[in-house]
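Coordinate inspection notes
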Amino acid sequence: FFTQPAVSAAPDPTEQFRPFLKKITETLADPGLKAIPKNEQSQRIIGIVREHFDFREMSKRVIGQQWRNLSEKEQGEFEQLFTQLLQYAYVEKIDEYSGQQVQFTQQRIKGERAEVQTLLVDKNKTIPVFYIMLLRGDQWMAYDVVVEGVSLVRNYMEQFSEILRKDGYPGLVKQIEQKIAELEKGIKKA
């Protein structure tokens with residue numbers, strides 16, 4: 001008797017993402033979160049976000065072809081810088097969370113890529129939010145978020161390509177560092 005080896009199917013992206021988004025919304029809804037300083041709030045949220053976001057892939061995509069010209073050390077430094085930029089840029093959004101619910105609408109899978117479509121729903125409006133993912137081992141990791149048709153990666157890519165063209169990679173790093181310092185100052189005042 002010959003038995004067929006079990007084919008390991010890729011995990012379902014929606015089922016993997018559902019508890020992750022639940023964890024984020026529960027953290028955002030926790031009254032204790034707003035009681036701690038803004039920089040600690042952003043640290044807590046980014047810690048959760050790292051569980052299912054591939055910041056390396058995101059970083060690679062926002063600077064495009066330039067990525068290949070960077071040393072491994074520079075790639076790591078850029079990833080860290082870009083993650084920090086996102087962390088500070090979106091910390092203000094924490095205050096905007098007021099119990100919106102996430103509804104999963106559909107998903108599309110093509111090989112090792114997936115798109116999970118959700119709606120962020122509150123009393124007044126519904127916002128479509130799509131997560132674009134890659135399969136890394138047995139984990140679906142998001143590398144882009146499309147909110148109301150606007151891609152986070154494309155948005156930064158357009159801004160960064162202009163800076164890269166004019167000031168090169170060192171100029172981009174300098175501008176990101178300045179922006180982080182600005183955002184950090186704003187956070188510390190809050």
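Everything discussed here concerns the structure shown above.
Residues numbered from 1 in each chain as written. Predicted model: local features only at pLDDT ≥ 70, side-chain atom pairs only at ≥ 80, totals over all residues. Heavy atoms only, no water.

Tallying secondary structure elements over the protein gives eight helices and five strands in all. Overall, the protein is about 65 × 45 × 25 Å in size when its C-alpha atoms are taken along their principal axes. Going through the 190 residues of the protein one by one, you find that 41% of them count as buried. With an accessible surface of roughly 11700 Å², the protein has 51% of that area assigned to carbon and sulfur atoms. With 27 positive and 27 negative side-chain charges, the protein shows a separation of 2 Å between the mean positions of the two kinds. (Helix = DSSP H or I, 4+ residues; strand = E, 2+ residues; numbered from the N terminus. Buried < 20%, exposed > 50% of the residue type's maximum accessible area, 1.4 Å probe, protein only. Areas by Shrake-Rupley, 256 points an atom, 1.4 Å probe, with all protein chains shown as cover. Lys, Arg positive; Asp, Glu negative; His and termini not counted. Charge placed at Lys NZ, Arg CZ, Asp CG, Glu CD.)

Further remarks concern helix α4 (residues 55-63). Along α4, the positions that sit buried rather than exposed are Phe55, Glu57, Met58, Ser59, Val62 and Ile63. N-cap assignment for α4: the residue whose side-chain oxygen lies 3.2 Å from the backbone N of Arg56 is Asp54. Positive phi appears at Gly64, one or two residues downstream of α4, with a value of about 60°. (Polar contact = N/O pair within 3.5 Å; in protein donor to acceptor, adjacent residues only side chain to side chain.)

Attention now moves to the sheet that holds strand β3 (residues 126-136). Taken together, the five strands give an open sheet; going across it, the order is β1-β2-β3-β4-β5, and neighbouring strands pair in antiparallel fashion. Both outer strands of the open sheet, β1 (101-110) and β5 (150-151), are each paired with one neighbouring strand and no more. In the sheet, strand β2 (residues 113-121) pairs with β3 via nine bridges, with the strands oriented antiparallel. Residue pairing across strands places Arg113 opposite Leu134, the latter belonging to β3. Set on the sheet, helix α1 (residues 13-29) makes contact with β1, β2, β3 and β4 (139-147); between it and β1 the angle comes to about 150°. Seen against the sheet, α4 touches β2, β3 and β4 and runs at an angle of roughly 45° to β4. (Pairing = 2+ DSSP bridges. Contact = heavy atoms within 4.5 Å. Axes fitted to C-alpha atoms, helices over the stretch in contact; angles between N-to-C directions.)

Moving on: the environment of Asp138. With respect to the helices and strands, Asp138 occurs in the loop between β3 and β4. The exposure class of Asp138 is exposed, given its relative accessible area of 54%. For the pair Asp138 and Ile45, spaced 93 residues apart in sequence, the C-alpha to C-alpha distance is 23 Å. Ignoring any residue separated from it by four or fewer positions in sequence, one finds Asp138 in contact with Pro11 and Gln16.

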